[in-house]
Amino acid sequence: MTKKTFSKILLFGISTIAITALLIVTVVYSYYDGQTQNKLTAVASIISYELEQSDDYSFINNVIDEDTRITLIDSDGTVLADSSVDFSTLDNHLDREEVQDALTNGIGTSMRKSATLQENTYYYAMVLDDGRILRVSTMAKSVAGVLGGMSPYIIIAVIAVVIIAVFVSIAITKSILKPVEELGEHLDDVENYKTEEELKPFVNAIKEQSKKRRALDKQKKEFTANVSHELKTPLTSIAGYAELIESGMAKEEDIKPFASVIRKQALRLVNLSEDIIKLSELDEGTDRGIDFRSLDIYAIAQNCVNSLSINAKNKNVSITLEGEQCFIRANESLLEELIYNLCDNAIRYNKENGSVRVIITPVDGKVKLSVCDTGIGIDEKYQERIFERFFRVDKSRSKATGGTGLGLAIVKHIAQIHGAELSINSVLGEGTEINIIFDR
Ligand code: ADP
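Presented here is a report on the structure given in the accompanying data block. What you are looking at is a predicted structure, and each value in this text was computed from that prediction instead of being measured. (Residues numbered from 1 in each chain as written. Predicted model: local features only at pLDDT ≥ 70, side-chain atom pairs only at ≥ 80, totals over all residues. Heavy atoms only, no water.)

In an α-helix, one turn spans 3.6 residues; hence positions three or four apart end up facing the same way. Between the first and last C-alpha of helix α9 (residues 332–348) there are 24 Å, a value that for 17 residues agrees with the 24 Å anticipated at 1.5 Å per step. Burial of α9 is extensive: 13 of the 17 residues sit out of reach of the surface. (Helix = DSSP H or I, 4+ residues; strand = E, 2+ residues; numbered from the N terminus. Expected span 1.5 Å × (residues − 1). Buried < 20%, exposed > 50% of the residue type's maximum accessible area, 1.4 Å probe, protein only.)

Rendered as structure tokens:
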């Protein structure tokens with residue numbers, strides 16, 4: 001991260017500097033260009049003045065200037081004098097662009113390779129009062145030529161700029177990454193950590209996550225404590241009764257009822273461990289993937305009703321299935337477990353001669369499962385809580401009927417896994433209706 005950020009900043013810095021340098025070179029070059037042209041105009045006006053003062057123009061042949069070439073051309077194009085080349089060897093100059101230009105406009109300029117000197121040359125020509133043409137020219141320097149003279153300074157400047165860019169990049173990288181590194185060191189105490197504005201969304205996400213983790217940890221701890229408590233009661237009872245029998249303190253006629261208590265408590269432990277295993281499987285299952293297929297929920301409900309009909313009969317409760325065949329995408333054993341738990345509760349928390357109705361109906365492209373009973377009902381203030389693990393409205397009734405306090409927690413979990421909507425409708429003393437709406 002540090003390396004990447006650093007190289008990005010350095011790259012950005014150096015490219016900015018390079019672009020700026022390029023712009024400066026362009027400006028310097030065009031300034032130099034302008035200066036050259038000004039110089040030519042100035043030289044031309046001085047020479048033209050000289051020529052007006054005297055008829056002798058031979059001095060032109062003797063001008064020695066490495067940069068500037070002066071040529072005097074007669075109105076018919078014959079070269080009369082030249083400061084750089086022997087004028088007698090020069091051809092007629094009437095066709096030169098700047099000469100033609102000057103003949104039309106009074107003055108003329110051009111830039112081209114000189115036929116004589118073979119260099120890129122600026123020309124400035126002006127028509128004198130007597131019709132002759134005075135031309136001054138100078139070699140045009142290329143960008144490299146202009147910069148060439150400054151090369152040692154440029155090299156020093158480039159090295160200095162790169163070194164400065166590296167140090168500045170290091171400093172910027174550090175200042176950007178410092179808050180992130182500091183945050184990393186304070187992750188355990190992120191709640192109280194004050195950070196830069198830019199990092200707030202990140203910090204808030206961490207805070208949110210640690211809150212969730214803590215809630216989950218708390219839930220786990222509570223669950224473990226509850227499990228230990230739930231295990232302890234039947235185990236203590238089993239140990240106590242077994243001890244009475246073992247020590248001979250139990251009378252002959254007590255042994256059978258004591259054994260019955262031991263069996264019932266052992267059965268509770270079996271139920272409890274089964275439910276705990278189921279819940280932890282469900283907790284893991286959400287990550288592992290569960291096998292879903294198209295199932296007839298009516299047929300599955302039928303199986304549950306059949307297998308619970310004896311329990312219902314024992315409690316003088318009637319249990320019936322209504323509705324029609326409906327297919328939903330579900331996991332078979334989980335769906336069976338869900339319906340079984342709901343029906344089992346509806347029987348266990350029912351009244352003498354009560355009834356349980358299981359209804360399967362299609363609604364708005366979905367399928368509704370309702371389990372309605374005419375039982376004891378649930379006080380409104382508990383209706384949300386009954387889906388919590390180990391929550392029971394009446395502990396003794398739950399235990400007496402073989403409840404573990406986990407049945408509805410399992411139901412809620414299974415509904416969630418199926419993306420189904422769960423709702424409860426209950427009136428204390430009159431009965432309860434639990435509805436689950438499945439997608440097809
Ligand atoms: P339990 O094993 O105790 O039945 P559940 O998780 O299945 O555990 O249910 C939690 C509590 O919700 C029960 O102890 C009971 O008090 C209440 N409850 C559940 N179903 C019904 C129902 N059909 N009628 C009345 N109360 C119910």
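Of the two faces of strand β8 (residues 327–330), only the one carrying Ile-328 and Ala-330 is buried; Phe-327 and Arg-329 on the other face are not. With four bridges joining them, strand β6 (residues 293–296) and β8 adopt antiparallel strand pairing. Across the sheet, residue Arg-293 finds its bridge partner in β8, namely Ala-330. (Pairing = 2+ DSSP bridges.)

Turning next to the packing of aromatic side chains. The tally for this structure, following the rule as stated, stands at three aromatic pairs. Cation over ring: Arg-112 sits above Tyr-123, and NZ or CZ is 4.1 Å from the ring centre. Note that Arg-389 overlies the ring of Phe-223, its terminal NZ or CZ placed 5.2 Å from the centroid. (Phe/Tyr/Trp six-rings, centres within 6.5 Å; stacked < 30°, edge-to-face > 60°. Lys NZ or Arg CZ within 6 Å of the ring centre and 35° of its normal.)

A separate point is the site of the ligand. Around the ligand, a shell composed of 21 residues is seen, among which Arg-348, Tyr-349, Ser-398, Thr-404 and Gly-405 lie nearest. Residue Asn-345 places a side-chain N or O atom 2.8 Å away from an oxygen atom belonging to the ligand. When isolated, the ligand has an accessible area of 530 Å², and the protein chains bury 97% of it. Looking at the shell around the ligand, the elements that each hand over two or more residues are α9 and α11 (407–417). Top element by residues in the shell around the ligand is α9. It accounts for three residues. Residues that form the shell around the ligand fall into these classes: nine nonpolar, eight polar and four charged. (Near = heavy atom within 4 Å. Polar contact = N/O pair within 3.5 Å; in protein donor to acceptor, adjacent residues only side chain to side chain. Areas by Shrake-Rupley, 256 points an atom, 1.4 Å probe, with all protein chains shown as cover. Nonpolar A, V, L, I, M, F, W, Y, C, P; charged D, E, K, R; others polar.)

If you trace the five strands from one edge of the open sheet to the other, you get β7-β9-β10-β12-β11, paired in mixed fashion. In this open sheet, the two edge strands, each paired with only one partner strand, are β7 (318–323) and β11 (421–427). Mean inter-strand twist for the sheet, computed between neighbouring axes without regard to direction, equals 15°. Both strand β9 (residues 355–363) and strand β10 (residues 366–373) contribute to a ladder of eight bridges, which runs antiparallel. Bridge assignment links Ile-359 to a residue of β10, and that residue is Ser-370. Against the sheet, α9 touches β7, β9, β10 and β12 (431–439), its axis set at about 25° to β10. (Axes fitted to C-alpha atoms, helices over the stretch in contact; angles between N-to-C directions. Contact = heavy atoms within 4.5 Å.)

A few words now on the pairing of strand β1 (residues 68–73). Most of β1 is tucked away: six of the six residues are buried. In β1, alternate side chains face the same way, and those of Thr-68, Ile-70 and Leu-72 on one face and Arg-69, Thr-71 and Ile-73 on the other are all buried. Sheet topology note: the β1/strand β5 (residues 133–139) ladder contains six bridges and is antiparallel. The residue of β5 that forms the bridge with Leu-72 is Leu-134. Where β1 meets strand β2 (residues 79–82), three bridges bridge the pair, whose relative direction is antiparallel. Within β2, the residue paired with Thr-71 across the bridge is Asp-82. Adjacent in sequence and paired antiparallel, β1 and β2 are bridged by five residues, among which Gly-77 carries a positive phi angle near 105°.

This brings us to a negative patch on the surface. A grouping of Glu-181, Glu-182, Glu-185, Glu-196 and Glu-198 is seen on the molecular surface, where their side chains present a negatively charged patch. Of note, Glu-196 is situated in the loop between α5 (151–185) and α6 (200–247). You can call Glu-196 partly exposed: its relative accessible area is 43%. (Patch = residues over 30% accessible without salt bridge, like charges linked within 9 Å, V, L, I, M, F, W, Y side chains within 5 Å. Salt bridge = Lys/Arg side-chain N within 4 Å of Asp/Glu carboxyl O. Lys, Arg positive; Asp, Glu negative; His and termini not counted. Charge placed at Lys NZ, Arg CZ, Asp CG, Glu CD.)

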